[in-house]
Amino acid sequence: MRNLITIVCLSVGFAMSAQIVNITYVTVPREESDQFLELHEKFMNLSVSDDRTLSGAGVFAHAFAGDYSFALYDFYASTEDLVKDTALADAALEANVDAMNLDEEGEKQMMQDYMTYTRMYADNHSDQIRQSAGLEDFVFESETLDWSTKKVVVVSKYEVKWGENKAFSDGVINGSLKTLKESGHAAATYASQHLYGSGADFHTYQFFNTWSDFAAYEDANLGGLMDEAGKDFWSAIEGHDDEILVFIGGYNSEAKRFGYAK
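None of these values were measured; they are calculated from a predicted model.

Once that is clear, we can look at the nonpolar core. Membership of the largest hydrophobic core comes to 28 residues, with the highest contact counts inside it found for Phe36, Leu37, Phe43, Val59, Phe70, Ile248 and Tyr251. Contributions of two or more residues to this core are made by strand 1 (20-26), helix 1 (33-46), strand 2 (56-64), strand 3 (70-76), helix 2 (79-98), helix 3 (104-122), strand 9 (237-252) and strand 10 (257-260). The leading source of residues in this core is helix 1, at six residues. Membership of the second largest hydrophobic core comes to 20 residues, among which are Val160, Ala191, Phe208 and Ile237.

Right, here's the structure in full:
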């Protein structure tokens, strides 16, 4: 992939002020990946305005599991903000392009780029909307958390048996989350719950600064016998799968700028 641009204090939007996340999974042919990332950055920044309700965004590259190229996470304070934002983004894009005063050739190139980008974005994509309200106890952020660098991300997806949400929550908080905090290898953890679209009941997100940190955590925690707490947790689970992504960039709502991590 192309060289990634370093941005300081990148706000991905997993912060507790972002209660709603709209996830779009895009399927971009591998040979077009660099072009998609360039165009995504271009049109994200051309769509910025003071009126936008977008509170943060993250771009994640697929690494293992799942049949897609990139996962685009857009964060909002509410579903109302999510609904409003499309029209606001379109208006900002039109105004910002108009302000460039492009000549005929420039306008032609801009339209060609936009059509290419929207084709890549829309072709074989899927969406779901999730929420983080009420999941504050699932959150952990290390004191040295730095969103200007790439991250390895484990997304664990759980279908929970009816009436067993508390057993699931207790199991995560007292089990994997506790272990991650104490390990010294995790950069951050978050969680979300299904709201609209197709998707698992719960997602948990485990962020690691490097592949070495991820491997060290796995090496230290695989192979042991399951305790009674672990058995209680897994007895509440109806279905489960994992995937691994790489966080590669995002939108900082304070700086009003999208960029890629180093």
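Having seen the structure, we can now continue with the description.
On to the pattern of salt bridges, then. Summed over all chains, the structure comprises seven salt bridges. Among the salt bridges present, the one from Asp85 reaches Arg52, with a minimum N-O distance of 2.7 Å. With a gap of 33 residues between them, Asp85 in helix 2 and Arg52 in the loop between helix 1 and strand 2 connect regions that are remote in the sequence. For the pair Asp85 and Arg52, one class covers both residues: buried.

Judged by how many residues are buried, strand 3 sits mostly within the fold: seven of seven residues are covered. Because side chains alternate across strand 3, one face comprises the buried residues Phe70, Leu72, Asp74 and Tyr76, and the other comprises Ala71, Tyr73 and Phe75, equally buried. Two elements, strand 1 and strand 3, share seven bridges in a ladder whose sense is antiparallel. In the strand pairing of strand 3, Thr24 is matched with Leu72.

Per the stated rule, a full pass over the model turns up two cavities of 30 Å³ or more. Lining the second largest cavity are Phe138, Val172, Ser176, Leu177, Leu180, Thr189, Tyr190, Thr204, Tyr205 and Gln206. Contributions of two or more residues to the lining of the second largest cavity are made by helix 4 (165-183), strand 7 (186-197) and strand 8 (202-208). Counting residues per element, the lining of the second largest cavity draws most heavily on helix 4, which supplies four residues. Considering only residue class, the lining of the second largest cavity consists of six nonpolar, four polar and no charged.

In this section: the environment of Val152. Tracing the backbone through its elements, the reader meets Val152 in strand 6 (residues 151-160). Counting along the chain gives 95 residues from Val152 to Phe247, while the straight-line C-alpha distance between them is 6.4 Å. The residues contacting Val152, other than those within four sequence positions of it, are Gln206, Phe207, Phe208, Thr210, Trp211, Phe214, Ile244 and Leu245.

What follows deals with the packing of aromatic side chains. Any pair of aromatic rings gets described here by the distance separating the centres and the angle formed by the planes. One pass over the structure, following the stated rule, counts 26 aromatic pairs. Summarising the aromatic geometry, the rings of Tyr73 and Tyr205 are spaced 6.0 Å apart at their centres and angled 80° between planes, so their arrangement reads as edge-to-face. Of the two residues, Tyr73 sits in strand 3 while Tyr205 sits in strand 8, which places them 132 residues apart along the sequence. Each member of the pair, Tyr73 as well as Tyr205, is classed as buried.

Turning our attention to the layout of surface pockets. If you add up the space inside the largest pocket, you get close to 980 Å³. Along the walls of the largest pocket sit 33 residues, with Gly175, Ser176, Tyr217, Asn221 and Trp234 positioned nearest its centre. For the lining of the largest pocket, the secondary structure elements donating two or more residues are strand 6, helix 4, helix 5 (211-221), helix 6 (228-235) and strand 9. Among the elements that take part in the lining of the largest pocket, helix 4 stands out by supplying eight residues, more than any other. Every residue lining the second largest pocket is counted, 29 residues in all, and those nearest its centre are Arg52, Asp74, Ala89, Tyr117 and Tyr121. Among the elements of the structure, strand 1, helix 1, strand 2, strand 3, helix 2 and helix 3 are those that each provide at least two residues to the lining of the second largest pocket. Ranked by residues supplied to the lining of the second largest pocket, first place goes to helix 2 with six residues. Residue classes in the lining of the second largest pocket are distributed as 16 nonpolar, eight polar and five charged.

The rules behind each value
Within every chain, residues take consecutive numbers counted from 1 along the sequence as written. In keeping with the model being predicted, local features are shown solely for residues with a pLDDT of at least 70 and side-chain atom pairs are shown and tallied solely at 80 or more, while totals for entire chains, interfaces and linings include all residues. Hydrogens are left out, water is left out, and the side-chain values use all remaining heavy atoms of the structure. Take the buried residues of types Ala, Val, Leu, Ile, Met, Phe, Trp, Tyr and Cys, join any two whose side-chain atoms come within 4.5 Å, and each joined set is a nonpolar core. For the exposure calls, accessible area comes from a 1.4 Å probe over protein chains only, and a residue counts as buried if that area is under 20% of its type's maximum, exposed if over 50%, partly exposed in between. Strands here are runs of E lasting at least two residues and helices are runs of H or I lasting at least four, both read from the DSSP assignment and numbered beginning at the N terminus. Salt bridge, as applied in this entry: a Lys or Arg side-chain nitrogen positioned within 4 Å of an Asp or Glu carboxyl oxygen. By the convention used here, strands pair only if DSSP detects at least 2 bridges between them. Buriedness for pockets is judged along seven lines, at least five of which must meet protein on both sides within 12 Å for an open set on the 1 Å grid over protein atoms alone, while cavities are sets there where a 1.4 Å probe fits but cannot get out, and lining residues have an atom within 4 Å of a point. Grid points are joined across faces, edges and corners, and a volume is the space filled by probe spheres set on the points. For this scheme, ten residues count as nonpolar: Ala, Val, Leu, Ile, Met, Phe, Trp, Tyr, Cys and Pro. Four count as charged, namely Asp, Glu, Lys and Arg, and the remainder, Gly too, count as polar. Residue contacts are counted whenever heavy atoms from the two residues lie within 4.5 Å of one another. For Phe, Tyr and Trp, rings pair up if their centres lie within 6.5 Å, where Trp contributes its six-membered ring, and each pair is then called stacked (planes under 30 degrees apart), edge-to-face (over 60) or tilted (otherwise).

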